[in-house]
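Spelled out from the first residue to the last, the chains are:
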Amino acid sequence: DKNIQRQILLVSDGMPDLPAETIAVGGKILSEGIDLLLVSLGSEGINEAFLKDLSPNPFHVDDPDQLSATVMNLLGLNTPAPQAGITWLPGDNRA
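Described below are features of the structure shown in this document. (Residues numbered from 1 in each chain as written. Predicted model: local features only at pLDDT ≥ 70, side-chain atom pairs only at ≥ 80, totals over all residues. Heavy atoms only, no water.)

**Thoughts on the overall build of the chain**
Applicable threshold: What counts as a helix is a DSSP run of H or I of at least four residues, what counts as a strand is a run of E of at least two, and both are numbered from the N terminus. Burial classes: relative accessible area under 20% of the type maximum marks a residue as buried, over 50% as exposed, and values in between as partly exposed (1.4 Å probe, protein chains only). Any pair of residues with heavy atoms lying within 4.5 Å of one another is described as a contacting pair. Computed with the Shrake-Rupley method and a 1.4 Å probe, the accessible areas treat only the protein chains shown as cover for residues.
A count of helices and strands for the chain gives 3 helices and 4 strands. Mapped in sequence order, the helices and strands of the chain form the string β-α-β-α-β-α-β. When burial is assessed residue by residue, the chain has 32% of its 95 residues classed as buried. Residue pairs in contact within the chain that sit at least 24 positions apart in sequence constitute 57% of those at least 6 positions apart. Working note: accessible area of the chain is about 5800 Å², and carbon and sulfur atoms make up 55% of it.

**With respect to the environment of Leu67**
With respect to the helices and strands, Leu67 occurs in helix H3 (residues 67-74). By relative accessible area, which is 22% here, Leu67 ends up partly exposed. The sequence separation of Leu67 and Val11 amounts to 56 residues, and the corresponding C-alpha distance is 9.1 Å. Not counting residues within four places of it along the chain, the set of residues in contact with Leu67 comprises Val11, Val39 and Val61.

**Details of helix H1 (residues 19-31)**
Keep this limit in mind: Expected span, for any helix, means 1.5 Å times one less than how many residues it has.
Spanning 13 residues, H1 covers 18 Å between terminal C-alpha atoms, matching the ideal 18 Å at 1.5 Å per step. Of the residues trailing H1, Gly33 is marked for its positive phi of about 80°.

**Some remarks on the nonpolar core**
A general feature of soluble globular proteins is that nonpolar side chains tend to end up buried together. Spelled out, the test is: Joining through side-chain atoms within 4.5 Å is the link that ties buried Ala, Val, Leu, Ile, Met, Phe, Trp, Tyr and Cys residues into a set, and such a set is a nonpolar core.
If you look at the biggest cluster of nonpolar residues, it comprises 7 residues: Ile29, Ile34, Leu36, Leu38, Phe50, Leu51 and Leu54. Put simply, the parts of the chain that give this core at least two residues each are strand E2 (35-41) and helix H2 (48-54). Broken down by element, this core gets its largest block of residues, 3 residues, from H2. Within the second largest apolar cluster, 5 residues are counted, among which are Leu37, Val39, Phe59 and Leu74.

**Remarks on the pattern of salt bridges**
Here is the rule we go by: Salt-bridge detection follows one rule: a side-chain nitrogen of Lys or Arg within 4 Å of a carboxyl oxygen of Asp or Glu.
Throughout the structure, instances matching the rule amount to 1 salt bridge. Put simply, Lys28 and Glu32 hold a salt bridge, and the shortest N to O gap is 2.9 Å. When its relative accessible area of 40% is taken as the criterion, Glu32 is described as partly exposed.

**Looking at the pairing of strand E1 (residues 7-12)**
Rules: A strand pair is defined by DSSP finding two or more bridges across the two strands. Think of it like this: strands point away, you trace from the first strand over the helix to the second, and a clockwise trace means the crossover is right-handed.
Judged from the 6 bridges that link them, E1 and E2 form a sheet pairing that is parallel. Paired with Ser12 across the bridge in E2 is Ser40. Assessed by its sense of winding, the connection that carries the chain from E1 through H1 to E2 is right-handed.

Everything listed here is a matter of coordinates, which is why it stays silent on function.
Dropping the structure here:
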């Protein structure tokens, strides 16, 4: 059904083992009209450039306890304002 919005939620440590391959798969997903909702988790070693190449609007969460709030925001089930410990990466248009 073309009226159904297709989305994939990817939670990552933000440190790819195979960056080129991951970007290629992400590009394929986006080219199929599927939204790639990307959340990086953790506070060290996040590759922001990679995350922005993979998804147009990546999110970052320092505290794992905030993951569910981030998912709620991504799905539009909560207010768009980030809670403590949730950061929209520069260039995000959801804020």
